[in-house]
Number of protein chains: 4
Amino acid sequence: MIIHMKKGFTPEQEQVVLDRIKARGFDYHIIHGATGIDVIGVLGDLSSVEESYFAEVSGVDKVVRISKSYKMVSREFSPRTHVVKIGESAIGEEEPVIMAGPCSIESREQLESISKYVHELTIPILRGGAYKPRTSPYSFQGMGLEGLKMLAEIRDRYGVKIVTEATGLHRHVTEEGKIEDKNVLENVIDYTDIIQVGTRNMKSYGFLQELGLLTKAKKTPILLKRGDASTLKDFLLAAEYIVSNGNPNVILCLRGIRTFEDAKFQRATADIGAIAVLKRESNLPVIFDPSHSTGYRDSVYPMSMAAIAAGADGLIIETHNDPSNALCDGEQSVTKEQLSMILEGTRKIRKVLPRPDYSSK
Amino acid sequence: MIIHMKKGFTPEQEQVVLDRIKARGFDYHIIHGATGIDVIGVLGDLSSVEESYFAEVSGVDKVVRISKSYKMVSREFSPRTHVVKIGESAIGEEEPVIMAGPCSIESREQLESISKYVHELTIPILRGGAYKPRTSPYSFQGMGLEGLKMLAEIRDRYGVKIVTEATGLHRHVTEEGKIEDKNVLENVIDYTDIIQVGTRNMKSYGFLQELGLLTKAKKTPILLKRGDASTLKDFLLAAEYIVSNGNPNVILCLRGIRTFEDAKFQRATADIGAIAVLKRESNLPVIFDPSHSTGYRDSVYPMSMAAIAAGADGLIIETHNDPSNALCDGEQSVTKEQLSMILEGTRKIRKVLPRPDYSSK
Amino acid sequence: MIIHMKKGFTPEQEQVVLDRIKARGFDYHIIHGATGIDVIGVLGDLSSVEESYFAEVSGVDKVVRISKSYKMVSREFSPRTHVVKIGESAIGEEEPVIMAGPCSIESREQLESISKYVHELTIPILRGGAYKPRTSPYSFQGMGLEGLKMLAEIRDRYGVKIVTEATGLHRHVTEEGKIEDKNVLENVIDYTDIIQVGTRNMKSYGFLQELGLLTKAKKTPILLKRGDASTLKDFLLAAEYIVSNGNPNVILCLRGIRTFEDAKFQRATADIGAIAVLKRESNLPVIFDPSHSTGYRDSVYPMSMAAIAAGADGLIIETHNDPSNALCDGEQSVTKEQLSMILEGTRKIRKVLPRPDYSSK
Amino acid sequence: MIIHMKKGFTPEQEQVVLDRIKARGFDYHIIHGATGIDVIGVLGDLSSVEESYFAEVSGVDKVVRISKSYKMVSREFSPRTHVVKIGESAIGEEEPVIMAGPCSIESREQLESISKYVHELTIPILRGGAYKPRTSPYSFQGMGLEGLKMLAEIRDRYGVKIVTEATGLHRHVTEEGKIEDKNVLENVIDYTDIIQVGTRNMKSYGFLQELGLLTKAKKTPILLKRGDASTLKDFLLAAEYIVSNGNPNVILCLRGIRTFEDAKFQRATADIGAIAVLKRESNLPVIFDPSHSTGYRDSVYPMSMAAIAAGADGLIIETHNDPSNALCDGEQSVTKEQLSMILEGTRKIRKVLPRPDYSSK
C-alpha cells in the first residue's frame, strides 16, 4: 500500500501515519520526492486493512493499494525510476551506462591489456569474472580471490568501478585444490563495487535473501541477471527478495532466453521486448547484455543498438584482447574496435531518440 | 554452385558455361551485376560435379559451391541484397519501407478512415486482411472478395500499393454462407500488389510451391511471414520454395516467436536478433512486424525502434481508427498519433545509424 | 448448447425443439444415445438465447450451455467418446488400435516387403506417405499418385485399411516434373481409408474447412496430427473446423512437441501428458505417434508403452524393412522385431490396466 | 577412461594399474563387479594419455575412453545401474520405489495425518518440505528446523525413511523473524535420510560441489531434481558435480519442463521421454515426479503409469489429507485413495512389463 502525503504536510502528520503502520505490525519505506512530498510504502499482507485507516489522517493526499505480487520494485510503488549511483555513473538516468570487460579473468596480462583499452574508451565500469559458474565440474572455475585482488588493483590504477559475480555462499576450491577461507559472497562483498548475481542463481531464493541481508547496511549495488528461462514476473519477484530484505540498489539485467531456436544461428533469443515491459512495470533500472543475448560476436553490435533504441538504461558487454583464445565465451567477445563502434552508436541513438518517459504512464 | 564470370567476359564464353549446365541436366539463374559482370547460379544436386568442370571454361573467374541447404536465397548465392520494388518503394535499400493498415477490413467506413490517415502520413503501402485465418471456425473469417475490391478502390484513389494475405488454395465461404468462385490465392493474385503468406502457412509447402508457379510470370512480390515456432533455417527454406519455383521477389517478414514467456506481458517474444542473422545469411530483404512481435500496443513503438536499429529493411504495422472496437488484434493496433511517432523515430535512427553493410562480409 | 431429451420422449416433442432451433437461425447435430435417448447439439453464437427457450419444451430433460470455445469436439457436448470405425477396427473403444508402415513409399519392393510383415503381425491399418511435405524444396517429395495406387493394391491383396497424408490442395509435381491432374486432397480422397492431416497443416484453416466440406457426404475418417508447437486448445479448435463443417470422424493424433530440448537426445518432447488432457476435454479418440515423439528408434518402445499406460486409444508407428537406408525418418523407424514387441507390450498393459473412464467425469 | 581387468586378475596386477594412474596425477574409482572382475574409472583430463599406457599392463582386458562430458555418471563408465540403498529400499533395482508425502509440512496434525496413511499403504519413504523455495518473498517459507524435527519423530515412530529439500547454504529466517543457527544444508544433513536438491538449485554449481564435499564421508543419498528448463546434458553434469566431489549416491529425478504449453491444461510438460534417455545414458537410477509433471491432480495417475511403463525406477508423489486447503501445491496433491490406486497400477505394470535392460546396450 502506498500513502502519498499532501503538499506541505508536516512531520507530525507523517508521524501519525507511521505510528498507525507500526500499530498494525507493518514495516514501511519512505521515498522523499523531489518536490518535497513524501510517499510512504507500507509492506506486508495488507488484505485486512482498509485504505481509510490511513486516508483519514490529516496531511494524507491519497492511498493506493498495490495490485502486483511484486511490491517495492513496481511502478505502482514508485512511479519514478530508482537511480543506482556508482561513482560518477548513475544507472537509470537519461544517459546509458556501459560496462565492459572479459568473461573471466585469466591472468594479470590479459586483465591489464583489456582494462587498458576499456579505460581508454572512457567506459566507467569494468566487468570480469573471478568466480565462474561452469556447466562441467571439470572446466576452469575462475581465479577466485586472486582474481578479485587483480580487479581491485586495476580499480585503484584507473579509477574505474568493478562488477563481478558472486556465484553463491559456498567456499571456492582453487585450481591447486585449496579451499578459500571465506565464502564466495563474503569475498566478493569485500572487493567489488557492484555484485553480479548470475543467470543460474536467479532462483536461489535463500541466496538472494542472504544477499539482501548482508548488503543492507552498505547497500552495495546488485546487478541481477534474468534466469534464461525465467518469466518476467519471477524476475521481478527475485529482485523483490533483495529489495524487501533491505537493499534497494538493484539493477535488472536482461539477456537471451532459452527457446526452440537453432543454436547454430543464435544460442539464445535476445528478449529485447522485455526491456519495454520491465521499464513499464518496475521502478528499477534495466540494462541489457548483448553478449549473452545471442552468443555470437556478429550480433553484439546490432543487439546493442536495438536495446538502446528500445529504452535500456545501459549495456554490459564482453570484450577480449584475443577472442579466439579466450578461456570462456570467446565466440561472443568483441574486440576493442567493435566496442568503440558500439559506444559511438549508443550515443548517437540516445541523442536523436530520447528514452521514453515511463514514469508518467 | 555459383559461377562468377571474369570482367570483360564474352556472351560466347557465357554460352559455353550455360551449355555445360544444360548438358548435365541442371537449371540456372543469371544475376547481372552492376559492374557488368555476370554471376550464374546453378541449381540442383551438384554433389557429383567438380568445380573444374566450369572453372576450366575461359571467361570464368571462380566457381563457388554453396554449402547451405538454402541455395538461391543465401548470401553465398548473391552477396548483394535482392531489392524488391513496389511502385516507388524499394525494399532492401537504405531507406526503410513502412507498410501500415488494419488487421482486417471490417467495413468501407473503417477502411476509408484508416487509409486516409495512412496516406496523409505518406506511408506508401497499405495492409489490410480480406481473408483472415482464425483459430476458431466460429470467428469472423474476413470480408473476402468484397474486401479485396475495397482495397483496390483505395489503391486507385490514393495511389498507394496494397498488401493482403492469401490464406490458401481453398474457396472462401462468406458470412452469408456463399462459396466464392475462385480460390483464395487466385482472387488475391487478381487484386493485390504484394501477396502475404501468413505465419500459419509458412510450412504449407505445397501452397508455397503453387504460389511460386502461379506468380512465375508476373513475379508479384511475396511477403513471407515466419512461422511462430519456425527455426530460421526452415524459414529460409520456405523462401527457397518460392524462389526456386520461379519468383525471386520474396520479402522475409519476422514477428514474435512462441516461447515460455507469460502472455500477460508479451504474447510472443520479439526475435530482434533474427534480423541480424537473416541479413547475414540471406540475400533477401528483411522486414519486421512490431505489432505481432509482442501483441501489445505499448510495445509497438520500442520494438519498431529496436528493429530499425538492428538493421531491418522495413516495418509492417497494424493501425486502427478505433482500436478498442477492432474486430481483431485491437490490443496491438496503434493510433494515427503513435504511427506518426514511429515514422519519425524510424527516420531519425537510420539517419544517424546507417544500415550495416552485410554484403561485404 | 446441448439439449438432453427425457427418457421416452416422442418424435413430435423433438420436432418442436428442432423447429425452435431453426426459428432462431441455428444449426444442430443429433446424437442418438445407446439408451434410446437423444442429445441435440445446437451450433452457433447462442449468447442471446436463454436456456429456458428449449427447457420449457415438453420432452426436454435439461439444457447445458457449452463453456469451451471448442464445442462439438468437447466432452461437454458428448460425454461418450466418439468411436471412429474403419473396417473391423473401432478407434476409441477399449482395445488400442495400431497403425504401422513406412514414412514414405519408396518403391513397390519396399512397400511390399513392409506390408507383408505388418500384415503378418495382424496390424489392421497400414500407413505410408505418397505425398511428403519436405522442409527443403530439393528433397524427395513422395511418389504421388503412383504411390497411392500401390497402397490400393496392397489393401486389396491383404484386406488391410490404409492411412496416408493429404499435404494440401495443390497439384503434385512428380520427380519427372509432370504436374498431376487432380489436386493432392482429391487424389487422396479417391484412394485412402483414413486421410492424414500432417503437423505442418494443422493451422491451415482453409484446408481444414475444405476437408470437412469435401468429406461431409462420405465422412471418411480424418487423422489430425497436432502441430509441433500448437497448444491443445488450438489443436481442439482445428478438429472443430473439420467436425463443424460436416465430418465427425476425426481422430486426434499426438506427437512430440518443439521445446528447448537438446536434439542429440530427443528431437522433440513426447507430450504424454496431453493424452490425459485430451481424453478429459474432448469426446474424440486420441492416438499417439511414438516415432515422431522423440525421433529416435530406441525411444519408440518405451514411448509406446507410456502412451498406452496413459490411456491412448491407439498408436501410429513408423517401421521399415531397412531403416538405415530409408529415404526419410530412418533413425526413428523400428524393425519388424521391435514392432512385434510393441504390439505385445501394448496388449499386456491394457489387460492389467483398463483405460480410465473419462466419460463419467 | 575405463580400465576393465581380465577374469582372474591378481591384486598385484591391479596395483600396477593404480600406480600408473597415480604416477600421472589422476584420481580413480574402483567398481567391484558381481563376477569378481574389477573395473577402474580414471578421472581427470586424459587427453594426453594413450590407451596403451594401461592396456600393456598384464591383467588388463581392455581400456575404453569415455567420450561424454559427464564421466562418472555415464553408462560408459559403468554399464550396470548404480543402486542407491535407503533402509530396505533399493532404488535402481527391478521393483519401483515409491516416495510420498505433502509438499510442505504445515503443522504436526497435518504431518501425522498424512504420514499415517502413507505408512498404512506400506510406502517406505516419506517426503515433506521443511524449507520451501518460494517465488515470492512474502509467501510461507516452510517451518524450518521445527519441521525437520517433526519429520524425525515420524521416522522413529513408523520406521519410514525421509526425504526433504535443502534449499541452499543460507540461514533460514522463521515466520517469527528468528534466524536459525546453522545453515539450511547443515540442518538437513543432520536430520534426513535423503537430501533433495530442488529444481531451482540444479544449476547452483557451488552448492552442488559443497554438497558433494559435505556428504563425502557419509554418502547420504541425494535426490537431484532436474531444472525445469535444463537440458539433459546439463542435468547429467549437475549430477557429475556431486559424484565427482565424492558422493556416488545420486538419484536423478525428472519432472515437468517449461514449454509453450497453455498453463490451463498443463503447468509443465511431463518429459516422459527423458526417462528412456537417462536410463540409456547414465548409470544412475531415475525416478519421476508425476505431481510436478503437469501440476494437476487428474494427471497424476496417468503420468505415474506412463513413467513406470517407460522404465522409471520409482516415483515421488505429493499427497495431502485435505488438498483444497493445502498451503502449497494443493491442485496437484492426490488423496489417499488416489495414491492407493497409483501403487496398485505401478505393481501391475512392472509385473507384466519387466524394466528394459539398459546395461546390455
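Residues numbered from 1 in each chain as written. Chains lettered and ligands numbered in written order. Predicted model: local features only at pLDDT ≥ 70, side-chain atom pairs only at ≥ 80, totals over all residues.

A. Structural detail: the overall build of chain A. Check the secondary structure of chain A and you find eleven helices and 16 strands. Rg of the C-alpha trace for chain A: 21 Å, near the compact-globule value of 21 Å for 361 residues, within the 12% margin. Dimensions along the principal axes, computed over C-alpha positions, put chain A at roughly 65 × 50 × 45 Å. With 361 residues in all, chain A has 56% of them scored as buried. (Helix = DSSP H or I, 4+ residues; strand = E, 2+ residues; numbered from the N terminus. Rg over C-alpha atoms; globule rule 2.2 N^0.38 Å. Buried ≥ 20, exposed ≤ 12 C-beta atoms within 10 Å, placed from the backbone.)

B. Expanded view of the relation of the copies chain C and chain B. Placing chain C over chain B gives an RMSD of 0.1 Å and needs a rotation angle of 180 degrees, together with 0.0 Å of translation along the axis. These values place the two chain copies in the arrangement generated by a two-fold rotation axis. Here 100% of the interface residues in chain C have copies in chain B that are interface residues too; the copies meet face to matching face. (Least-squares fit on C-alpha atoms with pLDDT ≥ 70 in both. Contact = placed C-beta atoms within 7 Å.)

C. Representation of the interface of chain C and chain B. Contact with chain C, which involves 29 residues of that partner, is made by 29 residues of chain B. Of all the secondary-structure elements, those providing two or more residues to the side of chain C that touches chain B are helix H6 (205–214) and helix H7 (232–244) of chain C.

D. Seen up close, the nonpolar core. With 403 residues, the main nonpolar core has Leu224(A), Leu224(B), Leu224(C) and Leu224(D) as its most contacted residues. Residue contacts for Leu224(A): discarding those within four places in its chain leaves Val197(A), Met202(A), Ala238(A), Ala239(A), Ile242(A), Val250(A), Ile251(A), Leu252(A) and Cys253(A). Counting 16 residues, the second largest nonpolar core, distinct from the first, contains Ile257(B), Ala229(C), Ala268(C) and Ala229(D). (Core = buried A, V, L, I, M, F, W, Y, C linked by C-beta atoms within 7 Å.)

E. Structural detail: the sheet that holds strand S1 (residues 2–5) of chain C. Residues and elements named next belong to chain C. Across the sheet, four strands lie side by side as S2-S3-S1-S4; this open sheet has antiparallel pairing. In this open sheet, the two strands that pair with only one neighbour each are strand S2 (27–32) and strand S4 (60–64). Across this sheet, the average inter-strand angle for adjacent strands is 20 degrees, counted without regard to direction. With three bridges joining them, S1 and strand S3 (residues 38–43) adopt antiparallel strand pairing. What sits directly across from His4, in S3, is Val39. Of the strands in this sheet, S1, S2, S3 and S4 touch helix H1 (residues 11–23), which is tilted by about 5 degrees from S3. (Pairing = 2+ DSSP bridges. Axes fitted to C-alpha atoms, helices over the stretch in contact; angles between N-to-C directions.)

F. Structural detail: the packing of helix H4 (residues 145–158) of chain C against helix H5 (residues 184–191) of chain C. Residues and elements named next belong to chain C. The interhelical angle for the contact between H4 and H5, taken along N-to-C directions, is 10 degrees, at an axis separation of 10 Å. Between H4 and H5, the angle is such that the two are roughly parallel. Across from Leu145, Leu148, Leu151 and Ala152 in H4, the residues of H5 making contact are Asn187, Val188 and Tyr191. By residue class, the composition of the contact of H4 with H5 is six nonpolar, one polar and no charged. (Parallel < 35°, antiparallel > 145°, perpendicular 65-115°, else oblique. Nonpolar A, V, L, I, M, F, W, Y, C, P; charged D, E, K, R; others polar.)

G. A look at the domain arrangement of chain A. Considered domain by domain, chain A is made up of domain 1 (2–64) and domain 2 (84–352). Taking only C-alpha atoms into account, the centre of domain 1 of chain A sits 37 Å from that of domain 2 of chain A. (Domains from an automatic or database assignment.)

H. Structural view of the sheet that holds strand S3 (residues 38–43) of chain D. All names here are of chain D. Taken in spatial order, the four strands of this open sheet run S2-S3-S1-S4, and their pairing is antiparallel. The open sheet has two edge strands with one neighbour each: strand S2 (27–32) and strand S4 (60–64). Pairwise comparison of adjacent strand axes, ignoring direction, gives a mean angle of 20 degrees for this sheet. Pairing between S2 and S3: six bridges, direction antiparallel. Each bridged residue has a counterpart across the sheet, and for Tyr28 the counterpart in S3 is Val42. Relative to S3, helix H1 (residues 11–23) is tilted by about 5 degrees, and along the sheet it contacts strand S1 (2–5), S2, S3 and S4.

I. Representation of the interface of chain A and chain B. At the interface, 37 residues of chain A touch 37 residues of chain B. Of all the secondary structure elements, the ones that give two or more residues to the side of chain A that touches chain B are helix H7 (232–244), strand S14 (269–270), helix H8 (273–281), helix H9 (291–294), helix H10 (300–309) and helix H11 (336–352) of chain A. A class-by-class count of the residues in the side of chain A that touches chain B yields 20 nonpolar, ten polar and seven charged.

J. Main features of helix H11 (residues 336–352) of chain B. The end-to-end C-alpha distance of H11(B) is 25 Å, a good match for the 24 Å that 17 residues give at a rise of 1.5 Å each. Along H11(B), the positions that sit buried rather than exposed are Leu339(B), Ile342(B), Thr346(B) and Ile349(B). Take H11(B) and look down its axis: the buried residues cluster within an arc of 90 degrees, on one side only. Along H11(B), the residues that are exposed and aim more than 90 degrees away from the buried face are Glu337(B) and Lys351(B). In the core, the buried residues of H11(B) are packed alongside H10 and H11 of chain A together with strand S7 (97–101), helix H10 (300–309) and strand S16 (314–318) of chain B. (Expected span 1.5 Å × (residues − 1). Arc of directions from axis to C-beta.)

K. Molecular detail of helix H4 (residues 145–158) of chain D. Residues and elements named next belong to chain D. Counted at 1.5 Å a residue, the expected span for H4 with its 14 residues is 20 Å, and the 20 Å between its end C-alpha atoms agrees. Taken as a whole, H4 has its buried residues at Leu145, Gly147, Leu148, Met150, Leu151 and Ile154. Where H4 ends, the next residue or the one after it, Gly159, has phi of about 75 degrees, a positive value.

L. Molecular detail of unusual backbone geometry. Residue and element names in this part refer to chain D. Not every positive phi belongs to a glycine, and Thr122 is a case in point at roughly 60 degrees. Mapped onto the elements, Thr122 comes out in the loop between helix H3 (108–120) and strand S8 (125–127). Classification of Thr122 by C-beta neighbours within 10 Å gives exposed; the count is 9. A positive phi angle, near 55 degrees, is found at Lys219, a position not held by glycine. The topology assignment puts Lys219 in the loop between helix H6 (205–214) and strand S11 (222–225).

M. Representation of the packing of H10(B) against H11(B) within the structure. Residues and elements named next belong to chain B. H11 packs onto H10 with a crossing angle of 20 degrees between their chain directions and a minimal axis gap of 9 Å. The angle between H10 and H11 places the two elements in the roughly parallel class. Where H10 crosses over H11, the handedness of that crossing is right-handed. Residue-level contacts link Val300, Tyr301, Ser304, Met305, Ile308 and Ala309 of H10 to Gln338, Met341, Ile342, Gly345, Thr346, Ile349 and Arg350 of H11. (Left-handed = near helix turned anticlockwise from the far one by under 90°.)

N. How the structure looks around the pairing of strand S12 (residues 250–254) of chain C. All names here are of chain C. The element S12 is extensively covered by neighbouring structure, given that five of its five residues are classed as buried. Looking at chain direction, strand S11 (residues 222–225) and S12 are connected through four bridges and run parallel. Pairing of Ile222 across the sheet is with Val250, part of S12. Of the crossover connections in this fold, the one passing from S11 over H7 to the parallel S12 is right-handed. Taken together, the three bridges between S12 and strand S15 (residues 286–288) define a ladder with parallel strand orientation. Each bridged residue has a counterpart across the sheet, and for Cys253 the counterpart in S15 is Ile287. (Right-handed = clockwise from strand over helix to strand, strands pointing away.)

O. Quick look at the environment of Glu94(B). Residue and element names in this part refer to chain B. Structurally, the position occupied by Glu94 is in the loop between strand S6 (89–91) and S7. Judged by the 9 C-beta atoms lying within 10 Å of it, Glu94 is exposed. Distance from Glu94 to Ser333, taken between C-alpha atoms, is 27 Å for residues 239 residues apart in sequence.

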